[in-house]
Amino acid sequence: MQKISVKNSGEIRLQTFDDRRDGRLFIGEAMKNVPLKIKRFYFINGLMGKKSVRGRHAHRKLEQCIFCLHGSFVLTLDDGARKQTVTLDDPACGVRLGRMLWHSMSGFSKDCVILVVTDDYYKESDYIRNYEDFIQQVKAGKR
Ligand code: TYD
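Note on numbering: residues in each chain are counted from 1, in written sequence order. Whole-chain, interface and lining totals are the exception, using all residues; otherwise, since this is a predicted model, local features are given only for residues with pLDDT of at least 70 and side-chain atom pairs are given and counted only at 80 or more. Excluded from the side-chain calculation are hydrogens and water; included are all heavy atoms of the structure.

A.B. asks: How should I be thinking about the site of the ligand in this particular structure?
C.D. replies: Only a single heavy atom is needed: when it lies within 4 Å of a molecule or strand, its residue is near that molecule or strand. Taken together, Arg40, Tyr42, Ile44, Arg54, Gly55, His57, Tyr122, Tyr127 and Arg129 form the complete shell of residues around the ligand. Side-chain atoms alone can form a polar contact between residues adjacent in sequence; in general such a contact is a pair of N or O atoms within 3.5 Å, and within protein one must be able to donate a hydrogen while the other accepts it. Note that an oxygen atom of the ligand is positioned 2.6 Å from one of the backbone N or O atoms of Gly55. In these tables, accessible area is a Shrake-Rupley quantity obtained with a 1.4 Å probe, and a residue counts as shielded only by the protein chains included in the view. Across the complex, the protein chains shield 64% of the 530 Å² of accessible surface that the ligand would expose by itself. Elements represented by at least two residues in the shell around the ligand include exactly strand 4 (40–44) and strand 5 (54–59). Split by residue class, the shell around the ligand holds 4 nonpolar, 2 polar and 3 charged. Strands here are runs of E lasting at least two residues and helices are runs of H or I lasting at least four, both read from the DSSP assignment and numbered beginning at the N terminus. Think of it as three bins: nonpolar holds Ala, Val, Leu, Ile, Met, Phe, Trp, Tyr, Cys and Pro, charged holds Asp, Glu, Lys and Arg, and polar takes everything else, Gly as well.

Structural data, given as structure tokens:
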């Protein structure tokens, strides 16, 4: 994975064991290689390839880590000052989605399966779903 330069993000590496014909094992431990206290997870399948787009929001406080368990997709990250796209195609390699980071997922392979782990329960009030509001709040945070 290319180096992540946007704020409140970074690469996450799971521990792996290759058991050859008995498969592969991927391990994340909260507050060790996965930098949050996990309270919730969700996964996404059934994506319609290049037609699908997800995300397009930021979170005020929520911390998440995103993994591509199967297939591949493109993650677009924007901290309000810098934008970056990252391809996720390795189950051992995830990305931290920290607070105030606008993100979207697209370019899915048809077999793509995504896992997200988060440090809090679902709370709609934590979402910023409008990009202009996001930029305003990034600017307000700098003042
Ligand atoms: P959303 O977080 O916007 O999905 P994504 O970031 O993957 O594009 O969530 C889509 C819908 O599902 C939204 O209406 C809220 C609902 N939802 C829950 O009720 N609980 C959850 O834990 C999540 C992640 C979403």
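Past the structure itself, the notes keep going.
A.B. asks: For this particular structure, what's the right way to read helix 1 (residues 131–142)?
C.D. replies: Side chains of residues three or four places apart in an α-helix project in the same direction, reflecting 3.6 residues per turn. Here, expected helix span is obtained from the residue count minus one, scaled by 1.5 Å. Taking 1.5 Å of rise per residue, the 12 residues of helix 1 would be expected to cover 16 Å, and the 17 Å separating its terminal C-alpha atoms lies within 8% of that figure. Relative accessibility thresholds used throughout: buried, under 20% of the residue-type maximum; exposed, over 50%; partly exposed, between the two (1.4 Å probe, protein chains only). The set of residues buried in helix 1 consists of Phe134, Ile135 and Val138. Down the axis of helix 1, the buried side of the element spans an arc of 95 degrees, and every buried residue falls inside it. The outward face of helix 1, more than 90 degrees from its buried face, is lined by the exposed residues Glu132 and Gln136. On its buried side, helix 1 packs onto strand 5, strand 7 (73–78), strand 10 (102–106) and strand 12 (127–128). If you check the start of helix 1, you find a side-chain oxygen 3.0 Å away from the backbone N of Glu132, and it comes from Asn130. The directions considered for the arc are those from the helix axis to the C-beta atoms. Residue contacts follow a heavy-atom distance rule, with two residues in contact if any of their heavy atoms lie within 4.5 Å.

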